[in-house]
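A structural walkthrough
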Amino acid sequence: MVREENVGYGDQMLRLVVSILLLLVFFADLLPGNYNLGVLLISAALMYTAVTRSCEPYTLIGFKTSDKTKPIPLEKAVEYLVGVAAFYMVVLLLKFYLL
């Protein structure tokens, strides 16, 4: 299975910046309880779509901000997902056990 690269450079950078800002909101505890966890999940989703340059909602509606259609092998997308998940697990460990 192959995923299509449909996130352009500008979109990718915006997703990365918003993801990092949401991480800062998570660490600063600006939102109560479950909202803080929701912010972390949204941040992870944005980070994943920025790293893989593939967005499923874009695929469903046929929208793309990328000017090229470079396929992404599913194995590579899974590797990225594992990497992003590991990063966010470290973030959670830092948040709840060290701070």
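In this text, all values refer to a predicted model and were calculated from it rather than measured experimentally. (Residues numbered from 1 in each chain as written. Predicted model: local features only at pLDDT ≥ 70, side-chain atom pairs only at ≥ 80, totals over all residues. Heavy atoms only, no water.)

Helix and strand counts for the chain come out as four helices and two strands. In the chain, the succession of α and β elements from N to C terminus is β-α-α-α-β-α. On the principal axes, the C-alpha backbone points of the chain span a range of 45 × 25 × 20 Å. With 99 residues in all, the chain has 34% of them scored as buried. (Helix = DSSP H or I, 4+ residues; strand = E, 2+ residues; numbered from the N terminus. Buried < 20%, exposed > 50% of the residue type's maximum accessible area, 1.4 Å probe, protein only.)

Of note, Thr52 is situated in helix H2 (residues 33–52). Here the side chain of Thr52 touches Tyr48 through a polar contact of 3.0 Å, landing on its backbone oxygen. (Polar contact = N/O pair within 3.5 Å; in protein donor to acceptor, adjacent residues only side chain to side chain.)

With that settled, consider the side chain of Asn36. For Asn36, the location among the structural elements is in helix H2. Sequence-distant contacts of Asn36, that is, excluding residues within four places in its chain, are made with Val25, Phe26, Asp29, Leu31 and Lys95. (Contact = heavy atoms within 4.5 Å.)

All told, the structure shown has three aromatic pairs when counted by the stated rule. Residues Phe26 and Phe27 carry aromatic rings whose centres are separated by 5.8 Å and whose planes lie at 70° to one another, so their mutual orientation is edge-to-face. Its relative accessible area of 1% is what places Phe26 among the buried residues. Since its relative accessible area comes to 30%, Phe27 is described here as partly exposed. With 5.0 Å between their ring centres and 85° between their planes, Tyr58 and Phe63 make a pair best called edge-to-face. (Phe/Tyr/Trp six-rings, centres within 6.5 Å; stacked < 30°, edge-to-face > 60°.)

A separate point is the nonpolar core. Looking at soluble globular proteins, one finds that nonpolar side chains tend to be buried together. Counting residues in each nonpolar core, the largest one holds ten residues, listed as Leu23, Phe26, Leu40, Ala44, Met47, Tyr48, Ala77, Val84, Tyr88 and Val91. Sorting the residues of this core by element identifies helix H1 (9–28), H2 and helix H4 (74–98) as the ones contributing at least two each. Non-local contacts of Val91, meaning those with residues more than four positions away in its chain, are made with Leu23, Phe26, Phe27 and Leu40. (Core = buried A, V, L, I, M, F, W, Y, C linked by side-chain atoms within 4.5 Å.)

Before going further, it helps to examine H1. Note on helix geometry: an α-helix contains 3.6 residues per turn, so any two residues three or four positions apart are oriented the same way. For H1, which comprises 20 residues, the first-to-last C-alpha distance of 29 Å matches the rise-based estimate of 28 Å (1.5 Å per residue) to within 8%. Taken together, the buried positions of H1 are occupied by Asp11, Gln12, Arg15, Ser19, Leu22, Leu23 and Phe26. Relative to the axis of H1, the buried residues are bounded by an arc of 110° and lie together on one face. When the buried face of H1 is taken as reference, the exposed residues oriented beyond 90 degrees from it are Tyr9, Leu14 and Leu24. Residue Asp29 follows H1 closely and has a positive phi angle near 55°. (Expected span 1.5 Å × (residues − 1). Arc of directions from axis to C-beta.)

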